[in-house]
Amino acid sequence: LHRRYGLWFRLRKLIIWLLGVYIAIPFLVKLCPAIQAKLVFLNFVRVPYFIDLKRPQDQGLNHTCNYYLQPEEDVTIGVWHTVPAALWKNARGKDQLWFEDALGSSHPVILYLHGNAGTRGGDHRVELYKVLSSLGYHVVTFDYRGWGDSIGSPSERGMTYDALHVFDWIKARSGDNPVYIWGHSLGTGVATNLVRRLCERETPPDALILESPFTNIREEARSHPFSVIYRYFPGFDWFFLDPITTSGIKFANDENVKYISCSLLILHAEDDPVVPFHLGKKLYNIAATSRSFRDYKVQFVPFHTDLGYRHKYIYRSPELPRILR
């Protein structure tokens, strides 16, 4: 009896402690909105670890050059430029100037905006660069300020400005070649911010591709698997979603698409566990009925659950070349 009572006492103490932590976390998040901002960006999670971003060839990208650009004072961003596979032999041993000049060759360019966490050297991102390169595209990607080896503090405004700077840098070198914007996950928020701004200044890209997009960051945060344990907590929006808005983070794809005037392609896997499929479909429905797209093609391509592409493996689809064409 004494032993059983001691076990019950320790178990009860653990339950009370866990309950206290569970209740304390919402108040901590509310008092420190920066916590929510860090959870949205996850820029401190650098996966894979121990890779040298100055050496893309270590990731199998032998026709890729590493640059550093400076969008603003005290901000430096790391950029990778992968040339089309057809230029692979010519690219060997070449310097940055050759790669910059190559953007003027007769090949389209994709500016890829990655999602949260990790770096431009993430495994699934590298595999996508390889696929796009094999299809004849230049691929230019970068780490936003505060990610990877890029210098600066992350913010939605800063991420969007970094993307704008890289886009203008590409356009200054690519001549009349088509330039497409491809955003994935959180990068779709950056992509629509960017393209809305480009359309407002009447320099739209040739197309916008959104992979695993959401409607806005509040709906995505409410639907994210991490929110499950608090989703029915009293005052969930006040505790968890309002601090995101307080931090100046909106990523309002659903609003931005109303001001975008270029072709739009949305790719989404039905078994996506991070950004629910229904959010991508909802965004498509908003875009498809928007007057800004009345003269442009808007297409939604779903990938069946049986394919197992989930959140970041759509690059594996053998249908991708046909879809992009």
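Being a predicted model, the structure only gives us computed values, none of them experimental.

Definitions and cut-offs
Residues numbered from 1 in each chain as written. Predicted model: local features only at pLDDT ≥ 70, side-chain atom pairs only at ≥ 80, totals over all residues. Heavy atoms only, no water. Salt bridge = Lys/Arg side-chain N within 4 Å of Asp/Glu carboxyl O. Helix = DSSP H or I, 4+ residues; strand = E, 2+ residues; numbered from the N terminus. Buried < 20%, exposed > 50% of the residue type's maximum accessible area, 1.4 Å probe, protein only. Core = buried A, V, L, I, M, F, W, Y, C linked by side-chain atoms within 4.5 Å. Domains from an automatic or database assignment. Contact = heavy atoms within 4.5 Å. Phe/Tyr/Trp six-rings, centres within 6.5 Å; stacked < 30°, edge-to-face > 60°.

Colleague: Explain the pattern of salt bridges here, please?
Modeller: Pairing is possible between side chains that carry opposite charge, provided their charged atoms lie close to one another. Under the definition given, this model contains 16 salt bridges. A salt bridge links Glu100 to Arg173, with the shortest nitrogen-to-oxygen separation between them at 2.8 Å. Linking Glu100 in helix H4 (residues 96-102) with Arg173 in helix H6 (residues 156-174), this pair joins segments that are 73 residues apart in sequence. Residue classification places Glu100 among the buried positions, given a relative accessible area of 15%. Looking at Arg173, the relative accessible area reads 29%, which means it is partly exposed. The network of salt bridges with common partners includes Glu72, Arg145, Arg157 and Asp162.

Colleague: Got a minute to help me understand the nonpolar core in this structure?
Modeller: One recurring pattern in soluble globular proteins is that nonpolar side chains are buried together. Counting 66 residues, the largest nonpolar core has Phe41, Leu111, Leu113, Phe142, Ile181, Leu208 and Phe251 as the members making the most contacts within it. Shared between two domains, this core takes at least three residues from each, and those domains are domain 1 (1-31 + 217-249) and domain 2 (50-216 + 250-324). Apart from the residues lying within four places of it in its own chain, the contact partners of Leu111 are Val140, Phe142, Ala163, Val166, Phe167, Ile170, Tyr180, Ile181, Trp182 and Leu194. Counting residues in hydrophobic clusters, the runner-up holds 25 residues, among them Leu61, Val139, Ala269 and Ile323.

Colleague: I tried to follow the packing of aromatic side chains on my own but got confused; where do I start?
Modeller: What describes a pair of aromatic rings is the distance from one ring centre to the other and the angle between the planes of the rings. Scanning all chains against the criterion turns up 15 aromatic pairs. Between Phe142 and Tyr144, the ring centres sit 5.3 Å apart and the planes meet at 80 degrees, which makes this aromatic pair edge-to-face. Of the two residues, Phe142 and Tyr144, neither departs from the other in class, the shared state being buried. Cluster of aromatic residues (ring-pair linked, three or more members): Phe41, Phe142, Tyr144 and Trp147.

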